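Survey of secondary and tertiary structure
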Amino acid sequence: MQIGIRDIAEFGNTPGYWYALAYFISAVIFIFYNPKRKKNSIWILPVLPFAVILEVFMTLTAGQDGFLFVIVMCCIGALIFAMIAISIEGNIRRKLYYTIRAFMLGEFAGSLGWQVFYFVFNQKNLSGISIRISEFSTMLGIFALIFVTAFFAEKRHKKGNRELEISSKALVGIFAMALLTYTFSNLSYVVTNTPFTTMYTSELFMIRSSADFMGVSLLYMVHELIQQSAEKVEAQTIRNMLELTYSQYQASEKTIELVNQKYHDLKHQIRLLQSNIGESEGKEYLDQMMTEIKQYEAQFKTGNRILDTVLTSESMKCQSKQIEITVVADGSALDFMHPMDISALFGNALDNAIEGAEKIGNPQERLIYLNVDRQKGFLRIHVENRFVGEIQFRHNLPLTKKSDKNIHGYGVKSMKQIAEKYAGSIRAEAVDNWFKLDILIPIP
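Let me begin by describing the structure that accompanies this report.

About the thresholds
- Residues numbered from 1 in each chain as written.
- Predicted model: local features only at pLDDT ≥ 70, side-chain atom pairs only at ≥ 80, totals over all residues.
- Heavy atoms only, no water.
- Phe/Tyr/Trp six-rings, centres within 6.5 Å; stacked < 30°, edge-to-face > 60°.
- Helix = DSSP H or I, 4+ residues; strand = E, 2+ residues; numbered from the N terminus.
- Buried < 20%, exposed > 50% of the residue type's maximum accessible area, 1.4 Å probe, protein only.
- Salt bridge = Lys/Arg side-chain N within 4 Å of Asp/Glu carboxyl O.
- Pairing = 2+ DSSP bridges.
- Axes fitted to C-alpha atoms, helices over the stretch in contact; angles between N-to-C directions.
- Contact = heavy atoms within 4.5 Å.

**Some details on the packing of aromatic side chains**
All chains considered together, the criterion is met by 15 aromatic pairs. Here F30 and Y98 contribute two aromatic rings whose centre-to-centre distance is 5.9 Å and whose plane-to-plane angle is 45 degrees, an arrangement assigned as tilted. Separated by 68 residues along the polypeptide, F30 in helix α2 (residues 16-32) and Y98 in helix α5 (residues 92-124) bring together distant segments of the chain. Y98 shares its class with F30; the two are buried. By the ring-pair criterion, three or more aromatic residues cluster together here, those being Y17, W18, F136, F143 and F147.

Dropping the structure here:
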């Protein structure tokens with residue numbers, strides 16, 4: 001049987017089972033390389049039923065046009081969204097964003113594969129089993145080319161996707177872009193008598209594949225721009241926070257030095273008064289004054305001036321909140337680190353510990369432990385504190401509980417960035433109402 005060039009009815013539509021497979025593979029790629037996917041060694045199992053559902057649904061609804069075609073495509077989009085929603089953590093905007101990208105990538109793979117098959121079929125005038133062999137080999141070959149390319153293209157985004165947030169305005173623009181390109185690519189199936197459509201199969205395939213490729217490319221470029229913008233904002237925010245923390249450290253250092261100076265002067269004056277007063281109520285009052293002002297003396301002598309200042313400042317916060325802090329630290333192990341990094345690292349770690357401990361109702365259970373030492377050529381920093389409630393983790397680090405994720409959570413990001421700056425690592429865990437933070441950095 002020879003194929004007519006105008007035979008749209010028979011060969012103008014990519015079979016539903018190929019599109020179903022393309023949509024499924026596309027979604028799997030974004031799930032696999034999306035860092036927010038749930039940690040599960042068998043994560044693929046929950047999404048496997050969607051492969052069967054898509055195949056059955058698209059086979060049964062093949063050939064629909066007009067309003068029914070729109071309904072069918074909406075159902076397919078809903079199935080892809082459900083597949084991604086159960087596999088990727090995050091808000092609905094994030095899930096819709098990856099649904100749009102998966103849909104367009106699958107659409108492009110299905111349309112290009114069928115276009116190549118149609119060209120091969122039309123050129124060689126195949127029949128019988130040769131048609132099926134050509135169909136399967138061509139479609140699987142094109143799928144392999146497109147999806148392997150997409151797989152490695154998405155791989156380079158793996159780190160950047162970690163904290164990617166999609167705004168409502170961006171999502172609306174992305175959806176409009178995808179809808180426009182998809183509508184243009186399939187317009188010839190609805191109307192043919194326009195400057196932008198055709199009734200010829202080969203031209204229809206060219207329009208459809210070109211429009212789908214444009215849609216996939218635009219979405220990829222938008223993703224690049226969103227990532228670059230987010231990375232710049234995050235880097236600048238963390239930089240500003242580091243500078244602010246260091247400025248606070250410098251102010252605290254001057255304040256503590258002044259307070260210590262006044263403390264020593266006052267201590268000598270009280271001792272002079274004590275020596276001139278016998279056993280009396282006045283002496284008892286002076287003894288009480290001496291006890292109360294001791295809290296303002298710099299009590300930490302770790303061997304690192306920056307760490308001493310940070311610990312003194314944080315210990316004053318602990319005293320005001322009735323939190324007991326215990327420190328065992330070898331400050332000399334920090335000598336290779338920049339002062340700004342030291343102040344930011346310990347300031348953020350202890351601020352988070354204080355924030356967790358102060359929420360405990362019983363003051364006797366408000367406990368914080370800090371240990372800094374050398375272990376086999378590594379600097380080890382260990383902070384743990386009591387807490388109440390639940391803590392959610394992503395990539396072994398706690399998620400902020402603040403409502404605005406775009407503003408808060410930079411303390412943890414800052415600590416992670418500092419650890420990685422020195423080729424180190426950071427991880428946290430919650431065990432029996434103890435929050436534990438560990439930082440390991442190789443000592444040069």
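**Observations regarding the pattern of salt bridges**
This model, assessed by the stated rule, comprises 9 salt bridges. We note a salt bridge from K317 to E314, for which the minimum N-O separation is 3.4 Å. Here K317 and its partner E314 are both found in helix α10 (residues 305-320), 3 residues apart, which amounts to about one turn of the helix. The shortest N-O distance in the salt bridge between R374 and D330 comes to 2.7 Å. Of this pair, R374 sits in strand β2 (residues 367-375) while D330 is found in the loop between β1 (324-329) and α11 (339-357), placing the two residues 44 residues apart along the sequence. R374 sits in the partly exposed class, given a relative accessible area of 44%. You can call D330 partly exposed: its relative accessible area is 27%. Connected via shared salt-bridge partners are E314, K317 and D351.

**Looking at the sheet that holds β1**
The strand order β1-β2-β3-β7-β6 describes an open sheet built from 5 strands, whose pairing is mixed. In this open sheet, the two strands that pair with only one neighbour each are β1 and β6 (425-431). Strand-to-strand twist of the sheet, defined as the mean angle between neighbouring strand axes without regard to direction, takes the value 10 degrees. Relative to strand β3 (residues 378-386), β2 runs antiparallel, the two sharing 8 bridges. Considered in β3, the bridge of L370 is made with V383. Running at roughly 165 degrees to β1, α10 makes contact with β1 and β2 of the sheet. Sitting on the sheet, helix α12 (residues 410-421) touches β6 and β7 (434-442), and the angle it makes with β6 is about 135 degrees.

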